[in-house]
Amino acid sequence: MKILVTGSNGLLGQKLVASLRDDAEINLIATSRGGDRTPRPGGYRYVELDCTKSEEVDRVIGEMQPGVVIHTAAMTNVDACELDPENCRLQNVTAVEHLVRAAKRIGAHFIHLSTDFVFDGANGPYKEDDPPRPLSIYGKSKLDSETVVSNGGLEKWAVVRTIIVFGVAPGSSRSNVVLWAKGALEKHEPIRVVNDQWRMPTLAEDLADGCIRIARQGATGIYHISGADLMSIVELVRRVGAFFHLDTGSIREVTSASLAQPAMRPPRTGFILEKAMQEIGYAPRTFEAGLALLREQLSATK
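Everything numeric in this text was worked out from a predicted model, so none of it was measured.

## So, helix α7 (residues 204–217)
Between its terminal C-alpha atoms α7 stretches 20 Å, which fits the 20 Å expected from 14 residues at 1.5 Å a residue. Looking at α7, one finds that the buried residues are A204, E205, D206, L207, A208, G210, C211, I212, I214 and A215. In the stretch just after α7, G218 is the one whose phi turns positive, near 65 degrees.

What follows is the structure, encoded as structure tokens:
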């Protein structure tokens, strides 16, 4: 099986590469903007690819001829998307249009990453067939990209929606909520944390496993892939503190409205995971089990 991964320098991309690189049955092509930042390169071919440029997409997909494309690259900073809608649309919708056309041309199975932000958060947790209603430009862009995938005439496609992904990715330019919480609590400086948003944080390794299961099984349609534990953001930060034996006295609980962020956030998302568990055998770790793996990986990088 030949699998091409976009955004391989990102958190999920690195986990996909780590899981697939040593599999003798997989011919892996990792792609991203700029040079390869994956630790311990080898066991795969790396190709630079800017998905917003149609000619690059056509050339790389045409030359590589993958049987599966796992598209992880996106603009995911919610406030940045709100402030720069044109760039958001270019990266999150136009790029998908280019990839879908190229994947259709060669009959590739296209697996696309999306988000819980396609929902308004009024009635979470959500099933795959619940009606979406995004509150932000980011959420709207991801819903539009889902439509591009489902209406693109592909032989096989899957949309993987997920929720705040955490993990360790050396060289990645983005942090994540768990690493932020750990770092902030270690500094003992006051931190403001919202107490009116609920999520199911997702270990990057679990998300990668879900994507790989879809690829191996040729599964199609929409899948909700996240962690299994629903919690408020402030509870998340407190649980990180408890796990790493850090003082949580510096936490200041605030409401979402008090932060005056450019983009609206859905108050309560979360996913019902039964479809992924039953159809592809998805089995997420507990939040604390994910933290234990993260601790192991942080120790190994010191």
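## Concerning the packing of aromatic side chains
Per the stated rule, a full pass over the model turns up 4 aromatic pairs. Ring centres 6.1 Å apart and planes at 70 degrees place the aromatic pair F117 and Y138 in the edge-to-face group. Here F117 is found in the loop between β5 (109–115) and α5 (137–150), whereas its partner Y138 is found in helix α5, with 21 residues between them in sequence. Across the pair, Y138 and F117 agree in class, each one buried. When the centroid spacing of 5.5 Å and the interplanar angle of 75 degrees are considered together, the rings of F166 and F287 count as edge-to-face. Of this pair, F166 sits in strand β7 (residues 165–166) while F287 sits in helix α11 (residues 287–301), placing them 121 residues apart in sequence. Comparing F166 with F287 shows no difference in burial state: the two are buried. Positioned above the aromatic ring of F244 is the side chain of K182, whose terminal nitrogen or guanidinium carbon lies 5.2 Å from the ring centre.

## Remarks on the nonpolar core
Residues I3 and I70 are the most contacted members of the largest nonpolar core, which totals 36 residues. Of all the secondary-structure elements, those providing two or more residues to this core are β1 (2–6), α1 (11–20), β2 (27–32), β4 (68–71), β5, β6 (156–162), α7 and α10 (274–280). For this core, the element with the highest residue contribution is α7, accounting for 6 residues. When near neighbours in sequence (up to four residues on either side) are disregarded, I70 contacts I3, L4, V5, T6, L16, I111, L113 and C211. Core analysis: the next-biggest nonpolar cluster, separate from the first, contains 26 residues, L203, V240, F243 and L293 among them.

## Details of the environment of E128
Note that E128 resides in the loop between β5 and α5. On a C-alpha basis, the gap between E128 and H224 in space is 6.3 Å, while along the polypeptide they are 96 residues apart. Non-local contacts of E128, meaning those with residues more than four positions away in its chain, are made with R161, I222, Y223, H224, I272 and K275.

## Points about the pattern of salt bridges
Side chains that carry opposite charge are capable of pairing whenever their charged atoms lie near each other. In total, this model carries 18 salt bridges according to the counting rule given. Salt-bridge contacts for R89 lead to D144; the nearest nitrogen and oxygen are separated by 3.1 Å. With R89 in helix α4 (residues 85–106) and D144 in helix α5, this pair connects stretches of sequence that are 55 residues apart. R89 gets classed as partly exposed once you look at its relative accessible area, which sits at 39%. D144 sits in the buried class, given a relative accessible area of 17%. The salt bridge partner of E235 is R239, with a shortest N-O separation of 3.0 Å. Within this pair, E235 and its partner R239 are both found in helix α8 (residues 233–243), separated by 4 residues, close to a single helical turn.

## Section: the side chain of T269
One can find T269 in the loop between α9 (256–259) and α10. Ignoring any residue separated from it by four or fewer positions in sequence, one finds T269 in contact with D116, G121, G124, P125, Y126, I163, W198, R199 and L230.

## Focus on the environment of R252
By the element assignment, R252 lies in strand β13 (residues 251–254). Among the residues examined, R252 registers a relative accessible area of 42% and is labelled partly exposed. When sequence neighbours within four positions are dropped, the list of residues in contact with R252 reads I191, R192 and V193. Looking at R252, its side chain comes within polar contact range of the main-chain oxygen of G249, at 2.9 Å.

## Points about the packing of α4 against α5
Packed helices, taken two at a time, are described by the angle their axes make and the gap between the axes. Where α4 meets α5, the closest approach of the two axes is 9 Å, and the angle between their N-to-C directions is 15 degrees. Of the possible angle classes, the one that applies to α4 and α5 is roughly parallel. For the element pair α4 and α5, the recorded crossing hand is right-handed. Contact residues: P85, C88, R89, N92, V93, V96, E97 and V100 in α4; I137, Y138, S141, K142, D144, S145, V148 and V149 in α5. Class assignment for the residues of the contact of α4 with α5 results in 9 nonpolar, 3 polar and 4 charged.

## Focus on α4
The end-to-end C-alpha separation of α4 is 31 Å, in line with the 32 Å expected for 22 residues at 1.5 Å each. At Q91, α4 shows its largest bend, some 30 degrees. Taken as a whole, α4 has its buried residues at C88, Q91, N92, V93, A95, V96, H98, L99, V100, A102 and A103. Elements that come into contact with the buried residues of α4 comprise β1, α2 (54–64), β4, α3 (78–83), β5 and α5. At the C-terminal side of α4, G107 shows a positive phi close to 75 degrees.

About the cut-offs
Residues numbered from 1 in each chain as written. Predicted model: local features only at pLDDT ≥ 70, side-chain atom pairs only at ≥ 80, totals over all residues. Heavy atoms only, no water. Helix = DSSP H or I, 4+ residues; strand = E, 2+ residues; numbered from the N terminus. Expected span 1.5 Å × (residues − 1). Buried < 20%, exposed > 50% of the residue type's maximum accessible area, 1.4 Å probe, protein only. Phe/Tyr/Trp six-rings, centres within 6.5 Å; stacked < 30°, edge-to-face > 60°. Lys NZ or Arg CZ within 6 Å of the ring centre and 35° of its normal. Core = buried A, V, L, I, M, F, W, Y, C linked by side-chain atoms within 4.5 Å. Contact = heavy atoms within 4.5 Å. Salt bridge = Lys/Arg side-chain N within 4 Å of Asp/Glu carboxyl O. Polar contact = N/O pair within 3.5 Å; in protein donor to acceptor, adjacent residues only side chain to side chain. Axes fitted to C-alpha atoms, helices over the stretch in contact; angles between N-to-C directions. Parallel < 35°, antiparallel > 145°, perpendicular 65-115°, else oblique. Left-handed = near helix turned anticlockwise from the far one by under 90°. Nonpolar A, V, L, I, M, F, W, Y, C, P; charged D, E, K, R; others polar. Bend = angle between axes of the 7 residues up to and from the residue.

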